[in-house]
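Observations on the model geometry
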Amino acid sequence: MTVTLEASDGVATIRLDRPPMNALDVATQDRLRELAEEATRRDDVRAVVLYGGEKVFAAGADIKEMQAMDHTAMVVRSKALQDSFTAVARIPKPVVAAVTGYALGGGCELALCADFRIAADNAKLGQPEILLGLIPGAGGTQRLARLVGPSKAKDLIFTGRHVKAEEALTIGLVDRVVPAAEVYEQAHAWAARLAKGPALALRAAKESIDAGLETDIDTGLTIERNWFAGLFATEDRERGMRSFVEEGSGKAKFL
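Residues numbered from 1 in each chain as written. Predicted model: local features only at pLDDT ≥ 70, side-chain atom pairs only at ≥ 80, totals over all residues. Heavy atoms only, no water.

A word on the overall build of the protein. For the protein, the helix and strand inventory stands at 11 helices and 9 strands. A compact globule built from 255 residues would reach a C-alpha radius of gyration of about 18 Å, and the protein, at 19 Å, matches this within 12%. Along the longest, intermediate and shortest principal axes, the C-alpha atoms of the protein span 60 × 40 × 35 Å. Counting every position in the protein, which comprises 255 residues, the buried fraction comes to 43%. Contacts in the protein between residues far apart in sequence, at least 24 positions, make up 69% of those at least 6 positions apart. Approximately 13,400 Å² of the protein is accessible, and the part contributed by carbon and sulfur atoms is 56%. Each charge class in the protein can be summarised by its mean position, and for the 32 positive and 36 negative side chains these summaries are 1 Å apart. (Helix = DSSP H or I, 4+ residues; strand = E, 2+ residues; numbered from the N terminus. Rg over C-alpha atoms; globule rule 2.2 N^0.38 Å. Buried < 20%, exposed > 50% of the residue type's maximum accessible area, 1.4 Å probe, protein only. Contact = heavy atoms within 4.5 Å. Areas by Shrake-Rupley, 256 points an atom, 1.4 Å probe, with all protein chains shown as cover. Lys, Arg positive; Asp, Glu negative; His and termini not counted. Charge placed at Lys NZ, Arg CZ, Asp CG, Glu CD.)

And the structure:
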């Protein structure tokens, strides 16, 4: 399999495994969607790590495969391509990308689907599609602009240049830079911490933020208000408030 899912203690690792560079061919894209949907369904999965291995996250699409496609073929395929990445972005649980080595093109777009990105100090990220006479097609023009702002997104997409880890941290493309040997460990620790939290409240927070960014402030506040009120019907809310009153802040244990 080019992508695998392994879960333990509430944390699932979705691992790209297509040596040498984890090129995202059609089969890998489809498998990624399947496993994102599986992670969404499974009650034993409460947080997710995206990982490409010690040497590379994903160096982009399979260019040889793409070169063979004409306009008609890509009209059909482009929707499935975007759907694969959107399935990752819509996992209703915390998702962290552990970025090692190259995260270029589709690899960068996949990292953008995570809620949090931890990068190796030797990582390089970018959207080099312009150098092929193309633009990003798996969400890069949209997610990158929302994350780093339109001006910086245009800089990266118009030039196709690679961004080293420290610059990526400065512009907000990644959230933490750590030694390469610690990337997966720290990403897993972040996910494991959140896997112990209240699952429905975490889902509510993620969906409120993500949906709110796509709409006006009043609609966003309505989304937040509905989730906020709805959480008062949950056992986790009862457990959290009871623990706060009886034991103090941060002591609650959620199922």
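Overall, the coordinates contain 3 aromatic pairs when judged by the stated rule. Each ring, one from Tyr-51 and one from Tyr-184, has its centre 4.7 Å from the other, and the planes form 35°; the classification is tilted. A residue pair is termed long-range when its members are at least 10 positions apart, and Tyr-51 in strand S3 (residues 47–51) and Tyr-184 in helix H8 (residues 183–195) qualify at 133 residues. On the accessibility criterion, Tyr-51 (11% relative accessible area) is buried. By relative accessible area, which is 27% here, Tyr-184 ends up partly exposed. (Phe/Tyr/Trp six-rings, centres within 6.5 Å; stacked < 30°, edge-to-face > 60°.)

As a further point, take a negative patch on the surface. The grouping of Asp-121, Glu-166, Glu-182 and Glu-185 at the surface amounts to a negative patch. Along the chain, Glu-185 falls in helix H8. (Patch = residues over 30% accessible without salt bridge, like charges linked within 9 Å, V, L, I, M, F, W, Y side chains within 5 Å. Salt bridge = Lys/Arg side-chain N within 4 Å of Asp/Glu carboxyl O.)

Bringing H8 into the picture now. Here H8 spans 18 Å end to end across 13 residues, near enough to the 18 Å set by a 1.5 Å rise per residue. Taken together, the buried positions of H8 are Val-183, Ala-187, Trp-190, Ala-191 and Ala-195. Taken end-on, H8 shows its buried residues confined to a sector of 140°, consistent with a single buried face. Away from the buried face of H8 by more than 90 degrees, exposed residues Glu-185 and Arg-193 are located. (Expected span 1.5 Å × (residues − 1). Arc of directions from axis to C-beta.)

Here we come to the sheet that holds strand S9 (residues 176–178). Two strands in a sheet stick together by hydrogen bonds in their backbones, pointing the same way (parallel) or opposite ways (antiparallel). Reading across from one edge, S1-S2-S3-S4-S6-S9 is the order of the 6 strands in this open sheet, with mixed pairing throughout. At either end of the open sheet lies a strand with only one pairing partner, and these are strand S1 (3–8) and S9. Strand-to-strand twist in this sheet, taken as the mean axis angle between neighbours without regard to direction, amounts to 20°. Sheet topology note: the S1/strand S2 (residues 11–16) ladder contains 6 bridges and is antiparallel. (Pairing = 2+ DSSP bridges. Axes fitted to C-alpha atoms, helices over the stretch in contact; angles between N-to-C directions.)

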